[in-house]
Amino acid sequence: MLLDPRAPRFAAAVTTVVLAAALLGGGTPLLFVQAVVFAITAANPRLGPYGLLYRTLVAPRLAPPSELEPAAPVRFAQVVGLVFVGAALVGQLAGLPVLALVATGAALAAAFLNAAFDLCLGCVGYLALRRLVGRPLAARVPAGS
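Residues numbered from 1 in each chain as written. Predicted model: local features only at pLDDT ≥ 70, side-chain atom pairs only at ≥ 80, totals over all residues. Heavy atoms only, no water.

K.L.:
Can you tell me about the pattern of salt bridges, naming the residues and giving the values?
P.N.:
Enumeration according to the criterion identifies 1 salt bridge in this entry. In this structure, Asp4 and Arg6 form a salt bridge, with 2.9 Å as the shortest nitrogen-oxygen distance. Using a relative accessible area of 28% as the deciding quantity, one classes Arg6 as partly exposed. (Salt bridge = Lys/Arg side-chain N within 4 Å of Asp/Glu carboxyl O. Buried < 20%, exposed > 50% of the residue type's maximum accessible area, 1.4 Å probe, protein only.)

Right, here's the structure in full:
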C-alpha cells in the first residue's frame, strides 16, 4: 500500500493540536481519543480518521502527489505514537503526572516535527530498523510506479 505523503503530515498537524490541547488541560479524554486514532491508523492508514479528513477535505483541492510513500513506516510511527500516548494515559490514570507530561510532550514533539518539518521520527526509526536487519526499504517512490 502506497500513501500520499501529505496525508500523514496533515495527520501530524492535527495530532499536534490534539496533544497540545491535552497538555494545556484537556488531559485524559483527549489522550484517549488520540490513542484510538493511533490504533486505527496503525491497523490501516487508509481508515485513520485524520487521513479520511485529509482525503475528503484537503486532497481534492491539491494536485496529485509527485511521489508516494509505503504505508509500513507510517504504521510503525502510529504504533510508536500509541505507545507514548498509552504511557501518558497510564500516568494520568495512575496519578503519575510527570510520566503523563513527559510522554505527552514526547509524542507532541514528534508530531510537531512531522507537521512542521516533514521529519517523521517513527518512520526514520522504521527505516533504520529495516537497514539494521538487512532489508532496506525506499522511503518514497515516484507516483505512478
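K.L.:
How would you explain the state of the cysteines if you had to name every residue and give the values?
P.N.:
If you walk through the whole model with that rule in mind, you get 1 disulfide. Put simply, Cys120 and Cys123 are joined by a disulfide, and their sulfur atoms are 2.4 Å apart. Every disulfide takes its handedness from the sign of the S-S torsion; for Cys120 and Cys123 that torsion is 65°, giving right-handed. Residue Cys120 shares its accessibility class with Cys123, and that shared class is buried. (Disulfide = S-S within 2.5 Å.)

So yeah, pure geometry; function would need other evidence.
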